[in-house]
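Chain by chain, the residues:
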Amino acid sequence: MGADAMNKYSKQVSWFWVFLLMLSMVLLSGERTLASANNDDPLVQLQKSTDEILMVLQSEELKTPEKKVERKELILQVINRMFDFRGMARSSLGPNWNSLTIEEQDIFVGLFISLIEQRYIGKIDSFNDQKVIYKEQRVKNDKARVYTTIIDKDLEIPIDYSLQLSQGRWLIKDLKIENVSLVANYRRDFNSIIRKEQFAGLVEKITKQLEKAEMEN
Amino acid sequence: MVCNGGANAFVEFFTRPTKLIHFKTKKSIVFSAHAVVFFLLLTVTHAWADDTADLSPSAQPDVTLETNKAAGEAEDDTWAEEDNWGNEWGEEDAIADPLEPLNRVFFHFNDKLYYWLLKPVAKGYSVIIAEDLQIAIRNFFDNLRSPTRAVNSLLQGKVKDSSVEVARFVLNSTVGILGLGDFAKDVLDLNSTREDTGQTLGYYGAGGGFYINWPFLGPSNFRDSLGLLGDAYLHPFIFLDLDTEVIVGTWTLEKVNYAALTMGDYELFKETALDPYAALKDAYQQHRNGLIKE
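The following refers to the structure shown. (Residues numbered from 1 in each chain as written. Chains lettered and ligands numbered in written order. Predicted model: local features only at pLDDT ≥ 70, side-chain atom pairs only at ≥ 80, totals over all residues. Heavy atoms only, no water.)

Here the focus is the overall build of chain A. From N to C terminus, chain A includes six helices and five strands. By residue count, 43% of the 217 residues in chain A fall in the buried class. Long-range pairs, those at least 24 residues apart, make up 47% of the contacts in chain A between residues at least 6 apart in sequence. For chain A, the exposed area adds up to about 13000 Å²; of that, 58% sits on carbon and sulfur atoms. (Helix = DSSP H or I, 4+ residues; strand = E, 2+ residues; numbered from the N terminus. Buried < 20%, exposed > 50% of the residue type's maximum accessible area, 1.4 Å probe, protein only. Contact = heavy atoms within 4.5 Å. Areas by Shrake-Rupley, 256 points an atom, 1.4 Å probe, with all protein chains shown as cover.)

Next comes the structure, spelled out in structure tokens:
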């Protein structure tokens, strides 16, 4: 066998490897784009909604005082699509929920939504240069967890979301900020009122609280 | 000889310009310098081990060390916790609060302290001190807690976290200029852990005990109050033998600085809670239990 033949052979071999390498790259990258572009992912859905809110917040046009109401409405629209408010409200009442009539439940859900909106919007309004990092998601059947970190003034604040698949959309049913679950915290808070003043006392207290906030804004 | 000379020069570098640290004997100086070198070496070797491990195709840059460590059991852990989370009525027992009437008085006191004193002062402070400088000041105080975190990580068997804290302390105190910058995190990606003595006690099975809402200090419990004492003894200020007025002064500065950086957070929490005392108590319990589990 001559040297030429050897060269030809090794050339063939190297082309084979280049081909294999390219093929694997195509396959790997294809897989990756498939995985990250999946619109059904809870992480992707959460990120999209959050980005929508950030866009409203950063819009210079909406920052004028005349547009304040419109701006709030736009944010609320997105928030209402993100959360399973009824589930959260039920969960925050614990066993007390079952002792309410349907009408009472509806009233409570409405008040609960206003309360969450007030807390959420109040915090979100002071957003300017915060950065959200979407770390990972874990999905099991119709339940999911999304782990995020928000960087606020150089400080990393972990926020974990618990989501539930409902009619093709992932809805937030609870979130933990620095390990503190929103729903569990409200459950304790509500329970502390219900124990002393029953459900009627709770409704009265939330209504008063909301009116006070309304006056201040 | 070379080693001793090097260690002395190393220590002198810190001590001579400031004359702040007085170690009792030469021996302790050499020992501490050795300890520092040992921890630095540990960090480097661990960091190297991480690099090699990260070559695996599934490695994600954003996943924290804890997640890597628990990769095998993560699945089970998550969903065991998920059951806890998803289970609507199941939750941890409420923290015992036999001192509630007194605690509520102190809660009220702290609340007024915030609105009448701390907040107005922090507002004025924000006008004078730019936000970047506020962050630097927070870093400075945070850096002083590195020894506490290092010792407590070690006590919990987290050798790597401990060595990271030592490396952070050494680097940030020098290259980071007295801890004002977070060089270790920004450049070397060495992230701080949040260990303290209360968590170490919890790690060894100590329950929280009853709830205490301290005046000035805020929410705590029996275990974590002991922990605060331990933390104080591990604070560099103890070694510096500072006057009480100086300690109270710097502590106040830290509080004002923190209030300036988190302006509005307490107000929002209080305004959207119905019984803010109960809500704060529960938030404290959840927050601490989460930290101990980490």
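Our focus in this paragraph is the overall build of chain B. What chain B contains, in helices and strands, is 15 helices and two strands. Counting across all 294 residues of chain B, residues that qualify as buried make up 39%. For chain B, the computed accessible surface area is about 16700 Å², with 67% contributed by carbon and sulfur atoms.

On to helix H6 (residues 131-144) of chain B. Here H6 of chain B contains 14 residues, and its C-alpha end-to-end distance of 20 Å stays within 8% of the 20 Å for a straight helix at 1.5 Å per residue. What H6 of chain B keeps buried is the set Gln134, Ile135, Ala136, Ile137, Arg138, Asn139, Phe141, Asn143 and Leu144 of chain B. (Expected span 1.5 Å × (residues − 1).)

With that settled, consider the environment of Asp97 of chain B. Residue and element names in this part refer to chain B. Within the secondary structure layout, Asp97 lies in the loop between helix H4 (71-86) and helix H5 (100-128). Residue Asp97 is classed as buried on the basis of its relative accessible area of 14%. Once the C-alpha coordinates of Asp97 and Phe210 are considered, the two residues, 113 residues apart in sequence, prove to be 5.5 Å apart. Setting aside chain neighbours within four positions, we find Asp97 in contact with Asn103, Tyr211, Tyr277 and Lys281. Separated by 2.9 Å, the side chains of Asp97 and Lys281 make a polar contact. (Polar contact = N/O pair within 3.5 Å; in protein donor to acceptor, adjacent residues only side chain to side chain.)

This part covers the interface of chain A and chain B. Of the residues lining the interface, 51 residues belong to chain A; the matching set on chain B comes to 45 residues. Between chain A and chain B lies a buried interface of about 4200 Å² when both sides are counted; carbon and sulfur atoms form 48% of it. Per-residue buried area on chain A facing chain B is highest for Arg145, Lys153 and Arg188 of chain A; these three make up 18% of the total on that side. At the junction of chain A with chain B, the criterion picks out three salt bridges. Notably, a salt bridge pairs Glu178 of chain A with Arg194 of chain B, separated by 2.9 Å at the nearest N-O pair. Linking chain A with chain B are 16 residue pairs in polar contact (both at pLDDT 80 or more). The set of elements that each furnish at least two residues to the side of chain A that touches chain B consists of helix H4 (85-93), helix H5 (102-124), strand E1 (131-140), strand E2 (143-152), strand E3 (155-166), strand E4 (169-177), strand E5 (180-181) and helix H6 (182-216) of chain A. Residue contributions to the side of chain A that touches chain B peak at 15 residues, all from H6 of chain A. Its residues assigned to classes, the side of chain A that touches chain B shows 17 nonpolar, eleven polar and 23 charged. (Buried area = accessible area lost by both parts, 1.4 Å probe. Salt bridge = Lys/Arg side-chain N within 4 Å of Asp/Glu carboxyl O. Nonpolar A, V, L, I, M, F, W, Y, C, P; charged D, E, K, R; others polar.)

In terms of nonpolar packing, the biggest core is built from 53 residues, with Phe108, Phe190 and Leu202 of chain A touching the most fellow members. Of all the secondary structure elements, the ones that give two or more residues to this core are helix H2 (42-58), helix H3 (68-82), H4, H5, E2, E3, E4 and H6 of chain A. Among the elements that line this core, the one with the most residues is H6 of chain A, at eleven residues. Residues within four places of Leu202 of chain A in sequence aside, it is in contact with Leu93, Phe108, Phe190, Ile193 and Ile194 of chain A together with Leu274 of chain B. Within the second largest apolar cluster, twelve residues are counted, among which are Leu144, Phe237, Val256 and Ala260 of chain B. (Core = buried A, V, L, I, M, F, W, Y, C linked by side-chain atoms within 4.5 Å.)

Right, let's talk about the packing of H6 of chain B against helix H13 (residues 244-261) of chain B for a bit. All names here are of chain B. One way to put it is that H6 packs onto H13 with a least axis distance of 10 Å and a crossing angle of 135°. Here H6 is positioned oblique relative to H13, judged by the angle of their axes. Classified by chirality, the crossing of H13 by H6 is left-handed. Seen from H6, the contacting residues are Glu131, Gln134, Ile135, Ile137, Arg138 and Phe141; seen from H13, they are Thr250, Leu253, Glu254, Asn257, Ala260 and Leu261. Residue classes in the contact of H6 with H13 are distributed as six nonpolar, three polar and three charged. (Axes fitted to C-alpha atoms, helices over the stretch in contact; angles between N-to-C directions. Parallel < 35°, antiparallel > 145°, perpendicular 65-115°, else oblique. Left-handed = near helix turned anticlockwise from the far one by under 90°.)

Once that is clear, we can look at unusual backbone geometry. Non-glycine residue Asn141 of chain A carries a positive phi angle of around 55°. Take Asn141 of chain A: it is sitting in the loop between E1 and E2.

Residue and element names in this part refer to chain A. Overall, antiparallel pairing links the five strands, which are arranged E1-E2-E3-E4-E5 in an open sheet. Strands at the two margins of the open sheet, each flanked by one partner only, are E1 and E5. Pairing of E3 with E4, which is carried by eight bridges, proceeds in the antiparallel orientation. Residue Leu165 lies in a different strand from E4, and its bridge partner there is Trp170. (Pairing = 2+ DSSP bridges.)

Turning to the pattern of salt bridges, a few remarks are in order. Residue and element names in this part refer to chain B. Inspection of the entire model under this criterion finds 24 salt bridges over all chains. Two residues, Lys281 and Asp97, come together in a salt bridge whose shortest N-O distance is 2.9 Å. Placement of the pair is Lys281 in helix H15 (residues 276-293) and Asp97 in the loop between H4 and H5, with a sequence separation of 184 residues. Like Asp97, Lys281 is buried. Between Asp224 and Arg223 there is a salt bridge, with the nearest N and O atoms lying 3.0 Å from each other.

Residue and element names in this part refer to chain A. Assignment of secondary structure puts Asp152 in strand E2. Here the side chain of Asp152 touches Gln130 through a polar contact of 3.0 Å, side chain to side chain. The contact partners of Asp152, leaving out residues within four places of it in the chain, are Lys123, Gln130 and Ile157.

With that settled, consider the pairing of strand E2 (residues 218-221) of chain B. Here strand E1 (residues 211-214) of chain B runs beside E2 of chain B; their pairing, made up of four bridges, is antiparallel. Pairing of Ile212 of chain B across the sheet is with Ser220 of chain B, part of E2 of chain B.

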